[in-house]
Amino acid sequence: MQRLFQWFVGFAAIVFSSAPLFAAEPNPAEELVILNRVLASKEMSVFGVYGHASIRSKSNPNRFYIASNIAPGLVTAKDIYESDLDGQPAGGARGNLLEERFLHAEIYRARPEVGAVALIHTPELAAFSVSSVALPLGRNRVPVFDIRKADGGASGMVNNPAAGRALAQALEKNNAMLVFGQGAVAVARSSRDLVTTALTLRTNAETRMFDLGLGGATTSLAFTREKA
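## Here's the deal with the overall build of the protein chain
Logical step 1: Within the protein chain one finds 6 helices and 11 strands.
Logical step 2: Scored against the burial criterion, the 228 residues of the protein chain give a buried share of 49%.
Logical step 3: Taking contacts inside the protein chain between residues at least 6 apart in sequence as the whole, the part at least 24 apart equals 59%.
Logical step 4: Carbon and sulfur atoms provide 54% of the accessible area of the protein chain, an area that totals close to 10,900 Å².

## Comments concerning the confidence of the model for the protein chain
Logical step 1: In the predicted model, the protein chain carries a mean pLDDT of 83, and the fraction of residues at 70 or more is 81%.
Logical step 2: In the model, residues 18-24 has pLDDT below 50 throughout and makes 14 contacts with residues more than four positions away in sequence or in other chains.
Logical step 3: Confidence drops under a pLDDT of 50 for residues 219-228, and excluding neighbours within four residues, the segment shows 18 contacts in the predicted structure.

## Observations regarding the layout of surface pockets
Logical step 1: Reported here for the largest pocket is a volume of approximately 260 Å³.
Logical step 2: If you trace the largest pocket, you find 13 residues lining it, with Tyr50, His52, Asn69, Leu98 and Glu100 closest to the centre.

Rules behind the numbers
Residues numbered from 1 in each chain as written. Predicted model: local features only at pLDDT ≥ 70, side-chain atom pairs only at ≥ 80, totals over all residues. Heavy atoms only, no water. Helix = DSSP H or I, 4+ residues; strand = E, 2+ residues; numbered from the N terminus. Buried < 20%, exposed > 50% of the residue type's maximum accessible area, 1.4 Å probe, protein only. Contact = heavy atoms within 4.5 Å. Areas by Shrake-Rupley, 256 points an atom, 1.4 Å probe, with all protein chains shown as cover. pLDDT = per-residue confidence, 0-100. 1 Å grid on protein atoms, 1.4 Å probe; cavity = no way out; pocket = protein on both sides within 12 Å on 5 of 7 lines; lining within 4 Å. Points joined across faces, edges and corners; volume = space filled by probe spheres on them.

Written out as structure tokens, the structure is:
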């Protein structure tokens, strides 16, 4: 698993450091399509059928690019549009908008250094979001945001500006946070860094579940067997 992880990190570095993708204002639709396809790939298994990502505009920090409500593995350039920080299309009316676009908008508003955001719905991360078992990330534990306690969060989804602001405030300066019953949010300075963070979250969750399945206990630092 470690070798696979390293291979994909290297692959992402090659893909997202291509010259056309990091010009003054690269083709954001192409960059976001690649990001969705990489995270939704069978080998990555970060998005699967669900999940979504966005990237901030490099020419206007008050805008970001996101796809319409479509499975990430099927996203094409025509599905990408530019949004303002209120979660509204910048180029006029557009249908089939992603309900959870406000999650992205409010994080970009609160965190000027963030260049890419993802919401990950994998079963492993959803399980840790409702579990009493902590999910380690490095030497820290990934915090959990209970959307049910936020204004407008009774549905369990971040589908309104108030819930988005509450999540952005709870995220603080962290690069990842579990969302109760949903999975996890990951943020990064770039698309390449987002791939690394998202994959680390998923593999950490799988590793901890494997450890627990062997009859051990996990801490933020190490796995120990209860019995030899």
